[in-house]
Amino acid sequence: MTPTAPYLPAASPALSQADQDALTDLYVRGTPANTLRAYERDLLYVTAWKSARFGSALDWPESEATALVFILDHARNLDDAPETDVARETAEALIAQRLRKSLACPAPSTLDRRIASWLAFHRMKNLPSPFDAPQVKQARAKARLAAARPPTPKSQHPITRDVLEQLLATCRGSRRDCRDRAILMLGWASGGRRRSEITGLMREDVSLKAFGKERLIWISPLETKTTSKGETPRLVLKGRAAQALVYWIEVGEIRDGALFRPISKADRVLKRRLSPDAIAQIVKHRLKLAGLPDDFASPHGLRSGFLTQAALDGAPIQAAMRLSLHRSMAQAQKYYDDVDIAENPAADLLG
């Protein structure tokens with residue numbers, strides 16, 4: 001099944017079938033689930049691109065010429081290209097397959113990710129990568145600079161405490177309200193969790209043993225974007241956020257399985273887990289009910305809002321990062337920098 005699972009190592013004559021199976025299992029267990037999904041999406045894209053561009057399947061190893069053409073095709077805006085331009089025709093074929101959104105030049109980060117996946121496929125198969133060739137590496141660097149654009153925030157506004165309170169005020173007495181209140185409070189107060197981290201939580205990841213006496217809940221997420229299985233530290237939830245989660249578990253009768261689930265129009269809790277996209281819809285719905293534009297913030301606003309509020313309240317950045325699980329001090333520091341410069345007395349010199 002190598003063509004649809006590039007992270008699986010190629011068969012080696014030096015290994016017995018049992019050893020080959022063990023190596024395959026090691027790759028699957030040692031690669032985060034989100035990474036596996038990203039690999040498969042990228043493989044689908046590059047496979048469709050080569051088929052549309054050259055009318056052939058991927059080669060292992062791929063040629064340097066193909067790698068170079070891939071970079072060139074994704075390093076310019078094809079809206080201005082002639083309709084007979086082969087790169088434009090290829091892009092239109094990918095749009096028809098819903099693998100590409102437009103003829104615009106893809107973001108450098110998107111191109112980098114696809115190339116990184118393609119390079120990883122070669123490495124996993126113990127093959128030389130065409131992207132390591134000097135000319136290809138140089139073209140990739142030039143493409144990154146040529147397409148450079150100002151970074152856009154993942155959320156238009158951070159959901160700081162005052163905004164969060166407005167959203168929570170829209171959650172009243174139904175099971176849906178109870179669930180949404182728990183999602184918003186857990187997502188914010190546990191360090192600003194990502195959508196996939198919230199929906200990935202299982203009932204067994206939540207310990208209520210310390211809630212009765214200490215009013216604490218311990219959460220053990222399986223993995224996050226920056227941590228893999230077995231490496232993610234426990235997170236703590238306390239106060240109103242802990243109470244909201246306990247209430248949801250009781251009202252939703254969540255004894256096992258997914259922690260957060262869809263709710264029917266009849267206010268009945270379903271068994272399957274919520275999708276990450278559902279978190280975006282919940283945030284959008286609560287913003288609208290609170291009288292805010294539904295594009296005021298995205299789910300990432302819970303994460304940026306937590307760090308912004310921590311900075312506003314004077315919490316040490318190391319303490320905030322202990323909950324947000326940022327690996328990079330620079331990434332977390334930008335939220336503190338925004339607050340610091342706003343509070344800088346030199347900004348008030350004109351009065």
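Up top you'll find the structure we're talking about.
Fair warning: this is a prediction, and the values are worked out from it, not measured in the lab.

> How should I be thinking about the overall build of the protein in this particular structure?
What the protein contains, in helices and strands, is 15 helices and three strands. Counting all 351 residues of the protein, 45% fall into the buried class. Here the analysis covers contacts within the protein between residues at least 6 apart in sequence; of these, 62% occur between residues at least 24 apart.

> Looking at this structure, how should I read empty space enclosed by the protein?
Tallied over the entire structure, the rule returns two cavities of 30 Å³ or more. Considering only enclosed or pocket space, the largest cavity measures out at about 50 Å³ in volume. Around the largest cavity, the lining residues are His74, Ala75, Pro106, Pro108, Leu111, Asp112, Arg140, Ala143, Arg144 and Ala147. When residues of the lining of the largest cavity are traced back to their parent elements, those giving at least two are helix 5 (108-124) and helix 6 (134-146). In this structure, the second largest cavity spans a volume of roughly 30 Å³. If you trace the second largest cavity, you find it lined by Leu186, Ser190, Arg193, Glu197, Leu201, Ile219, Pro221 and Leu235. Of the residues that constitute the lining of the second largest cavity, the class distribution is five nonpolar, one polar and two charged.

> Please clarify how the pairing of strand 3 (residues 235-238) should be interpreted in this entry.
Every other side chain in a regular strand lies on the same face of the sheet, so the side chains alternate between the two faces. Burial along strand 3 is one-sided: Leu235 and Leu237 are buried, and none of Val236 and Lys238, which face the opposite way, are. As paired strands, strand 2 (residues 216-219) and strand 3 are joined by four bridges and run antiparallel to one another. Note that in strand 3 the partner of isoleucine 217 across the bridge is leucine 237.

> Whenever I open this one, the packing of helix 3 (residues 64-73) against helix 6 confuses me. Can you help?
Helix-helix packing is described using two parameters, namely the angle between the two axes and the distance between the axes. Across the interface, helix 3 lies against helix 6 with an axial gap of 10 Å and an inter-helix angle of 5°. One element, helix 3, and the other, helix 6, form an angle in the roughly parallel class. From helix 3, Glu64, Ala67, Leu68 and Ile71 reach across to helix 6, where they touch Gln135, Val136, Ala139, Arg140 and Ala143. The class makeup of the residues in the contact of helix 3 with helix 6 is six nonpolar, one polar and two charged.

> What am I meant to see in helix 14 (residues 317-324) here?
Working note: α-helix, 3.6 residues per turn, so residues spaced by three or four point in the same direction. Within helix 14, burial applies to Ile317, Ala320, Met321, Leu323 and Ser324. Axial view of helix 14: buried residues confined to an arc of 160°, hence all on one face. Leucine 325 occupies a position one or two residues after helix 14 and carries a positive phi of about 65°.

> Would you mind showing me how to read helix 13 (residues 300-312) here?
Taking 1.5 Å as the rise per residue, helix 13 with 13 residues should run 18 Å; its terminal C-alpha atoms sit 18 Å apart, in good agreement. The buried count for helix 13 comes to eleven of 13 residues, which makes it a mostly enclosed element. Three or more residues of helix 13 are buried, namely Gly301, Leu302, Arg303, Ser304, Gly305, Phe306, Leu307, Thr308, Gln309, Ala310 and Ala311. Note on helix 13: the residue one or two positions beyond its end, glycine 314, has a positive phi of about 80°.

> What exactly am I supposed to notice about the sheet that holds strand 1 (residues 206-207) here?
Two orientations exist for strands paired in a sheet by backbone hydrogen bonds: parallel and antiparallel. Spatial strand order, 1-2-3: three strands in an open sheet with antiparallel pairing. Strands at the two margins of the open sheet, each flanked by one partner only, are strand 1 and strand 3. Relative to strand 2, strand 1 runs antiparallel, the two sharing two bridges. Across the sheet, valine 206 pairs through a bridge with isoleucine 219, a residue of strand 2. Against the sheet, helix 11 (residues 239-251) engages strand 1, strand 2 and strand 3, with an angle of about 90° to strand 3.

> Explain the packing of helix 2 (residues 33-54) against helix 4 (residues 86-96) here, please?
Contact geometry of helix 2 with helix 4 gives a least axis separation of 9 Å together with a crossing angle of 130°. Considering the angle they form, helix 2 stands oblique to helix 4. For the crossing formed where helix 2 meets helix 4, the hand is right-handed. Of the residues in helix 4, those in contact with Tyr45, Ala48, Trp49, Ala52 and Arg53 of helix 2 are Val86, Ala87, Thr90, Ala93 and Leu94.

> What am I meant to see in the packing of aromatic side chains here?
Remark: the centre distance and the inter-plane angle together describe each pair of aromatic rings, the angle taken between the planes. A complete count under the given rule lists eight aromatic pairs for this structure. Plain terms: the ring middles of tryptophan 60 and phenylalanine 121 are 6.2 Å apart, the flat faces sit at 65° to each other, and that makes the pair edge-to-face. A residue pair is termed long-range when its members are at least 10 positions apart, and tryptophan 60 in the loop between helix 2 and helix 3 and phenylalanine 121 in helix 5 qualify at 61 residues. A relative accessible area of 31% places tryptophan 60 in the partly exposed class. An aromatic cluster of at least three residues, connected via ring pairs, comprises Trp49, Phe54, Phe70, Trp118 and Phe131. In this structure, arginine 215 is placed above the aromatic ring of phenylalanine 211, and the distance from its NZ or CZ to the ring centre is 4.1 Å.

> Please clarify how the state of the cysteines should be interpreted in this entry.
Two cysteines form a disulfide when their sulfur atoms are joined by a covalent bond. As enumerated under the stated definition, the model contains zero disulfides in all. The structure places no disulfide on cysteine 178, whose sulfur is separated from the nearest cysteine sulfur, that of cysteine 171, by 9.1 Å.

Thresholds applied
- Residues numbered from 1 in each chain as written.
- Predicted model: local features only at pLDDT ≥ 70, side-chain atom pairs only at ≥ 80, totals over all residues.
- Heavy atoms only, no water.
- Helix = DSSP H or I, 4+ residues; strand = E, 2+ residues; numbered from the N terminus.
- Buried < 20%, exposed > 50% of the residue type's maximum accessible area, 1.4 Å probe, protein only.
- Contact = heavy atoms within 4.5 Å.
- 1 Å grid on protein atoms, 1.4 Å probe; cavity = no way out; pocket = protein on both sides within 12 Å on 5 of 7 lines; lining within 4 Å.
- Points joined across faces, edges and corners; volume = space filled by probe spheres on them.
- Nonpolar A, V, L, I, M, F, W, Y, C, P; charged D, E, K, R; others polar.
- Pairing = 2+ DSSP bridges.
- Axes fitted to C-alpha atoms, helices over the stretch in contact; angles between N-to-C directions.
- Parallel < 35°, antiparallel > 145°, perpendicular 65-115°, else oblique.
- Arc of directions from axis to C-beta.
- Expected span 1.5 Å × (residues − 1).
- Left-handed = near helix turned anticlockwise from the far one by under 90°.
- Phe/Tyr/Trp six-rings, centres within 6.5 Å; stacked < 30°, edge-to-face > 60°.
- Lys NZ or Arg CZ within 6 Å of the ring centre and 35° of its normal.
- Disulfide = S-S within 2.5 Å.

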